[in-house]
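What follows is each chain in one-letter form.
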Amino acid sequence: MKNGISLFKYGASLLGIVFLSATIYAAEETAPGVKGMSEEEFTPTKEVLAVKYVQADKPYHMDVESLKDRFKDAKGVKVALQKQDKAFPNGGGSVSSAEVKAVHDGTTIYFQISWSDPTKNVRAIAVQEFRDAVALMFPLGAVEVTPAEHFSPRMGDREKPVNLWHWKADWEADLVAKGELEDVEAQYPNMHDDFNTNPYSAYYHRELITSVAVLSGGRAANNLLSQPGRGRTVEDLNAEGFGTLTTQDHQDVNGCSHYEDGTWTVIIYRSLITEDPHDVQFVPGGNSYFNMAVWNGEEKDRNGQKNISTQWHPITLERVAWQ
Amino acid sequence: MTLVHNWHLGRRMEYPYFESRPKRQFAAIFNINRCIACQTCTMACKSAWTYNKGQEHMWWNNVETKPYGGYPQSWDVKTLKLIDNGENTWYTNEKDEKLSPYGVYEGDTIFEAAAKKNLNQWAVGYIPEDKEWRSPNFGEDVAKSNKPDEYSSLPEHSRWFFYIQRLCNHCTYPGCLAACPRKAIYKRKEDGIVLIDQKRCRGYRKCVEQCPYKKPMFRGLTRVSEKCIACYPRIEGKDPLTKGRPMETRCMAACVGQIRLQGFLDDNPKNPVTWLIRHDKLALPLYPQFGTEPNIYYIPPRWAPRAYLRQMFGPGVDEAIEKFMVPSRERLAVMSLFRMAQAIIFEYKIEEGPKVFETVIHGKKFEMFNDTVIGYGEDGQEILRTTIEEPIHIRDPKYLNSI
Ligand code: SF4
Ligand code: SF4
């Protein structure tokens, strides 16, 4: 590919070489900018995440403090993470592992993910700032992941859709902000007053300015990222391969987080069963798979620039023990 | 990567998608020689599209002073550094009217530089920080003096600055579109306008990073990126003023200095935009070496140092300035169409008039004829009619003081 550049400057006369080079690309790349995957990646890990059944009532506050007890006896799996190196843009590599535990109480499934990240990035309002985030991914429908099946652990594939739960640190900040969306003034508190010492200034009239309706393509198009009042910290999405990530019309997942001593602890939960055909469904006694990714905002991680696990991890759900 | 032809560079280049040119391409010509930097265009855009919360730093249209100005600061110098491989030269001995009118560029484009550096992304780029988007008119009217003790005289001033009017170039091979991992950016087949799908955008800022002209902008309030939309409702003829005819954008129509002409690049040699760009080669692309085949074209300022201009507009600069200084009969006529109407002109016709003036400019004979120029709309109907000699109106002494 690199040699190509200098050779093709004079284009037309070198048609033969152009053709040759196209064949070489095809061998390396399954699509422009996408490298093929190894057989190993289509094989799930040996280690299984056992989703323990715990009998516990829903706490009044769905926060890490109130929920952490139910993970006490759950056995976690350590997930190795690496740089995303298959689809453009490649990136990530700053987070090498995460621990995942899961429990269910017969109605709700809880995943607890923790990883170390020395920097806490909870806002993405300035153009150069990116948030910390974590996502879980599940194959949609009853799927048996085997090497023969070729079910991609990286964003799924055409006809092989996945359901993703994406927790975002800034959504958590939005949730508690006025109007349920951190405003630009959270980032730039003096944005209108920097050169203005007159408290009764005619230049900036806060009430007047905030009374003007926000004209925004993102809001008009119902982009969930642009909306205030989402009421949640986790986005429910689907994908069918690289670049196809799509927000669901129906949002069912939520979560909470805690950051201490350079470690994120994020709990993501959803009811075991939903009515949405685009959601993964969990049946006690049944099984599924998960995969995951972590974004480090400090490293400007976003989209494919992330720390990923390259294999599916089997999940088994413990049966409900009726008493 | 696929190989596509970029006629600005006179050669094929690598791009992630196949060559797919629109039916006709949104394009404009700015005559830098006439700009007075009044920023009326800037405000026309601002008051239409970016007057809202979270858009305080956004100027989809801006006018900056060269060499020191830049919005965001030093955007061009920074991007030029990223593609610099020490031999970013042009091979101008052989030209082909259609495929390589300016010769062949031998350096790297933003796409090729990324592949060479093994960046594993489509193009080189950087994200200007919030502070770089501030003070959009920094450096205004600051001149550069090459020889401080000398008086300036034409053709090239030793003490100089000029204004450059900038908006999204609605590139043929957009860096922003290539960069977006979600394909949230698309180029319209009908007019080549490049848009960010506001529903698919997830605020990754890859377009902010990889547009070499730094025209997509991140809006912190709504967490997605926005950019110039080429006033597409006007282009589609939705504004009642032109009664369904395609209409020039806000920033074009507002131009007080009459430096702007906007329309479409197409195959019609009698389309004034096509004629000035492809046939007369009076108007040149901005930083063609970036490789995106930008579609805003400039008539370079005749007083600025040629080396600087060649870096900015490519090797066509000398010929363009020479042509501008001593305009031909047809060129003068076509240039009279600038800002004569709001409806887009699709074709022009010249009716010959008598010779009215003759002189010598820089040793060359110049003759002026009072020709009549007629502009036609998309429907073939006459939109305007003007003459080379502007009519003089003498006010009745009775009204001397009235406005
Ligand atoms: S100028 Fe920038 S934003 Fe506009 S089409 Fe070109 S690459 Fe995209
Ligand atoms: S074309 Fe329209 S949207 Fe684009 S810079 Fe001009 S006024 Fe603004």
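This is a predicted model, so every value here is computed, not measured.

(A) How the structure looks around unusual backbone geometry. A cis amide bond links F88(A) to the next residue, P89(A), at an omega of -10°. Relative to the helices and strands, P89(A) is located in the loop between β5 (82–83) and β6 (97–104). Geometrically, the link from K66(B) to P67(B) is a cis peptide bond, its omega value of 15° lying close to zero. Although it is not a glycine, H150(A) sits at a positive phi angle of roughly 55°. Its location among the elements puts H150(A) in the loop between β8 (133–139) and β9 (162–168).

(B) Here's a closer look at the confidence of the model for chain A. For chain A, per-residue confidence averages 87 on the pLDDT scale, and residues scoring 70 or more make up 85% of the total. A low-confidence stretch, residues 1–27 of chain A stays under pLDDT 50, and its non-local contacts, those more than four residues away or across chains, total 35 contacts.

(C) The site of ligand 1, seen in detail. Looking at ligand 1, the residues that line it are C168(B), N169(B), H170(B), C171(B), P174(B), G175(B), C176(B), V194(B), C211(B), Y213(B), P216(B) and K227(B). Partitioning the shell around ligand 1 into residue classes produces eight nonpolar, three polar and one charged.

(D) Just the site of ligand 2, in detail. All names here are of chain B. Within the structure, ligand 2 sits among C45, W49, W60, N61, L167, C228, I229, A230, C231, T249, R250 and C251. Where the shell around ligand 2 is concerned, the elements lending two or more residues are α1 (40–49) and α7 (250–253). Broken down by class, the residue content of the shell around ligand 2 amounts to nine nonpolar, two polar and one charged.

(E) Region of the structure containing the sheet that holds strand β14 (residues 260–265) of chain B. Residues and elements named next belong to chain B. Read from one edge of the open sheet, four strands run β14-β3-β16-β15, paired in mixed fashion. Strands with a single pairing partner mark the edges of an open sheet, and in this sheet they are β14 and β15 (284–285). For strand β3 (residues 25–31) and strand β16 (residues 296–299), the ladder comprises four bridges, and the chain directions are parallel. Opposite I29, over in β16, you have Y297 as the bridge partner. Contacting β3, β14 and β16, helix α8 (residues 272–279) runs over the sheet at an angle of about 85° to β14.

(F) Spotlight on the sheet that holds strand β20 (residues 372–376) of chain B. Residue and element names in this part refer to chain B. The strand order β17-β20-β21 describes an open sheet built from three strands, whose pairing is antiparallel. Sheet topology places β17 (347–351) and β21 (382–387) at the edges, where each strand pairs with a single neighbour. Within this sheet the neighbouring strands show an average axis-to-axis angle of 20°, counted without direction. As defined by bridge partners, β20 adjoins β21 across five bridges and the pair is classed as antiparallel. Pairing of G375 across the sheet is with L384, part of β21.

(G) Spotlight on the pattern of salt bridges. This model, assessed by the stated rule, comprises 44 salt bridges over all chains. Among the ionic pairs, D183(A) bridges to K53(B), the shortest N-O distance being 3.0 Å. Here the residue D183(A) occupies a position in the loop between α4 (169–176) and α5 (184–187), and K53(B) occupies one in the loop between α1 and β4 (62–66), the pair thus bridging two chains. Residue D183(A) is classed as partly exposed on the basis of its relative accessible area, which comes to 26%.

(H) Representation of α4(A) within the structure. All names here are of chain A. When you tally the buried positions in α4, you get six out of eight residues, the bulk of the element. For α4, the full list of buried residues reads A169, D170, W171, E172, A173 and D174. Those residues of α4 hidden inside the fold are in contact with β9, β10 (234–239), β12 (254–260) and β13 (263–271).

(I) Fine view of the interface of chain A and chain B. Contact residues are listed per partner, giving 61 residues for chain A and 50 residues for chain B. Buried surface at the junction of chain A and chain B, summed over both partners, amounts to about 4,700 Å²; 55% is from carbon and sulfur atoms. Remark: the boundary between chain A and chain B carries five salt bridges. The tally of links from chain A across to chain B stands at 25 residue pairs in polar contact (both at pLDDT 80 or more). The set of elements that each furnish at least two residues to the side of chain A that touches chain B consists of α1 (2–7), α2 (15–28), α4, α5, α7 (217–220), β10 and β11 (246–247) of chain A. Taken together, the residues of the side of chain A that touches chain B sort by class into 28 nonpolar, 19 polar and 14 charged.

The rules behind each value
- Residues numbered from 1 in each chain as written.
- Chains lettered and ligands numbered in written order.
- Predicted model: local features only at pLDDT ≥ 70, side-chain atom pairs only at ≥ 80, totals over all residues.
- Heavy atoms only, no water.
- Helix = DSSP H or I, 4+ residues; strand = E, 2+ residues; numbered from the N terminus.
- pLDDT = per-residue confidence, 0-100.
- Contact = heavy atoms within 4.5 Å.
- Near = heavy atom within 4 Å.
- Nonpolar A, V, L, I, M, F, W, Y, C, P; charged D, E, K, R; others polar.
- Pairing = 2+ DSSP bridges.
- Axes fitted to C-alpha atoms, helices over the stretch in contact; angles between N-to-C directions.
- Salt bridge = Lys/Arg side-chain N within 4 Å of Asp/Glu carboxyl O.
- Buried < 20%, exposed > 50% of the residue type's maximum accessible area, 1.4 Å probe, protein only.
- Buried area = accessible area lost by both parts, 1.4 Å probe.
- Polar contact = N/O pair within 3.5 Å; in protein donor to acceptor, adjacent residues only side chain to side chain.

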